[in-house]
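# Structural characterization, general
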Amino acid sequence: MIAERCLTPELIPIFEKLSAGERLSFDDGLTLYRTPNLTGVGFLANIVRERKHGARTYWVRNQHINYTNICNKFCKFCSFYAKKGGPDPYEMSLDEVRAAVRKYKSFPISEIHSVGGINPRLPYTYYLDFIRTIKDERPGIHVKAFTAVEIVEIARVGNTTIEHTLRDLKDAGLDALPGGGIEILSDRVHTELFGKKLDGEEWKQVARTAAKVGFTQYATMLYGHIETDEERVDHLIQLRELQDETGHFLCMTPLSFHPEKTELEHLPHPTGDDDLRNIAVSRLMLDNFDHIKSFWIMNTPAVTQIALWYGADDADGTVFEYEITYEDGAYGKKQQALTPADMVRMIREAGREPIERDSHYNAIVREPQDEPAPRKLTPISVGTLSR
Ligand code: SF4
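Residues numbered from 1 in each chain as written. Predicted model: local features only at pLDDT ≥ 70, side-chain atom pairs only at ≥ 80, totals over all residues. Heavy atoms only, no water.

## Observations regarding the overall build of the protein
For clarity, the threshold we go by: Helix numbering and strand numbering both begin at the N terminus, where a helix is a DSSP run of H or I of at least 4 residues and a strand a DSSP run of E of at least 2. The atom set for the radius of gyration is the C-alpha atoms, and the globule formula is 2.2 Å times the number of residues raised to the power 0.38. Throughout, exposure labels follow a simple rule: accessible area from a 1.4 Å probe, protein chains only, divided by the maximum for the residue type, with under 20% read as buried, over 50% as exposed, and the rest as partly exposed. Whether two residues touch is decided by their heavy atoms; if any such pair falls within 4.5 Å, the residues are in contact. The accessible surface values rely on the Shrake-Rupley method and a 1.4 Å probe; as for residues, cover is taken only from the protein chains in view. In this tally, Lys and Arg are treated as positive and Asp and Glu as negative; His is ignored, and so are the chain termini. Here the site of a charge means atom NZ of a Lys, CZ of an Arg, CG of an Asp or CD of a Glu.
When helices and strands are counted, the protein shows 14 helices and 10 strands. Its C-alpha atoms give the protein a radius of gyration of 20 Å, near enough to 21 Å, the size a compact globule of 387 residues would have. Over its C-alpha atoms, taken along the principal directions, the protein stretches across nearly 60 × 50 × 40 Å. The proportion of buried residues among the 387 residues of the protein is 59%. Nonlocal contacts in the protein, meaning residues at least 24 apart in sequence, comprise 77% of its contacts between residues at least 6 apart. For the protein, the exposed area adds up to about 15,600 Å²; of that, 52% sits on carbon and sulfur atoms. Charged side chains of the protein number 47 positive and 58 negative; the gap between the two group centres comes to 2 Å.

In structure tokens form, the structure reads like this:
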């Protein structure tokens, strides 16, 4: 009955496939992007989300360190790299890296997430010492660092192979690779927006080598610029096929494009429909990914709350000092953070169950905090759905 009320005719065959546990096709993906019935798409994504995780919603105490914004790739969608009229160039010394870690040492952070520009001045040893410095300052913390484009650069300056580079980084203490580095797996978009960066096949090669070396990795999709619906679906299917092959991806994060201060500033910002739909379609197409993340810093805490009913089971984390998006000219000075109590409140207000996690999605249990009481919302039980 609930399905009959939520689903329009074009979504019924997809509902039937989900009920039978069948994988969705390219055409199904296009239907999900093109139907005006966003509520129906969210309803379907929520079925999968609750099958996998019930009401559980993961969050993490994490810190971001963006070690340099000097970059020679000049991606048109990027507001992060140093340029005339934009952010001033910076490059963190290892002492500054140590100080950044020390700054939040009194916080029980479980993960440090680090990416940076492609700065040809940094030598191979910088990257190894960067990881060693973090681990020396906070032994035991999980370090997720260096997208595939950075890995290619580190190998280039070290005059060595991707595999050797990844093994050296692992020996230095690196635990996982973040998503990013490819934006969208489309030759057309690559040529138009980020032609100096690695292409899709190179990105996949880094991912395959990371899996071989024993890293876990994350995946992303930057949406809301010049990509088509077909390119979005193709991106998701390519990720799904790669995950079938390697099984090493932990989570997928659709990333909402911020046109401000980029060469694509004339484009409109993605809408709430875009944000929710990309999360929901990712959840539905990526049947072999355990987790779909709503990154609140890019799509706002308000959208993230709704996204928890549109397929997302991860709300990211406390995120100290994120530098990648440019807002209000405050570049490099802003702090963007939600406290642990904020994270818990955001998730509970949405009627979901907050679970603090480590980087492998194991629950972390701490002493009770002063947290708001949950609203009494009862999630739909998938077992009770019928047409
Ligand atoms: Fe450089 Fe990354 Fe920005 Fe591209 S997206 S310009 S590689 S920092």
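## Comments concerning the pairing of strand S3 (residues 111–114)
Here is the rule we go by: Pairs of strands are assigned from DSSP output, requiring at least two bridges between the strands. The handedness rule is simple: strands pointing away from the viewer, and a clockwise path from the first strand over the helix to the second, make the crossover right-handed.
Of the two faces of S3, both are covered, the one formed by Glu111 and His113 as well as the one formed by Ile112 and Ser114. Here strand S2 (residues 62–65) runs beside S3; their pairing, made up of four bridges, is parallel. Looking at the pairing, His64 lines up with His113 of S3. Of the crossover connections in this fold, the one passing from S2 over helix H5 (residues 94–103) to the parallel S3 is right-handed. Crossover handedness for the path S3 to helix H6 (residues 124–137) to strand S4 (residues 142–145): right-handed.

## Considerations on the site of the ligand
Spelled out, the test is: Distances are taken per atom, and a residue is near a molecule or strand as soon as one of its heavy atoms is within 4 Å of it. Side-chain classes are defined by residue name, with Ala, Val, Leu, Ile, Met, Phe, Trp, Tyr, Cys and Pro counting as nonpolar, Asp, Glu, Lys and Arg as charged, and the others, Gly among them, as polar.
The ligand sits among Cys71, Lys73, Phe74, Cys75, Phe77, Cys78, Phe80, Tyr81, Gly117 and Lys197. When the residues that make up the shell around the ligand are grouped by side-chain class, the tally is seven nonpolar, one polar and two charged.

## Thoughts on the packing of aromatic side chains
Aromatic ring pairs: the centre-centre distance and the angle between the two ring planes describe each pair. The cut-off we apply is this: Ring pairs shown here join Phe, Tyr and Trp side chains whose ring centres sit within 6.5 Å, with only the six-membered ring taken for Trp; geometry is labelled stacked below 30 degrees between planes, edge-to-face above 60, and tilted in between.
Applying the stated criterion to the full structure yields 14 aromatic pairs. For the pair Phe130 and Phe146, a centre-to-centre distance of 5.9 Å together with 45° between the ring planes defines the contact as tilted. With Phe130 in helix H6 and Phe146 in the loop between S4 and helix H7 (148–157), the pair connects residues that are 16 residues apart, well separated along the chain. Phe146 shares its class with Phe130; the two are buried. Ring pairs connect the aromatic residues Tyr67, Tyr126, Tyr127, Phe130 and Phe146, which therefore count as one cluster.

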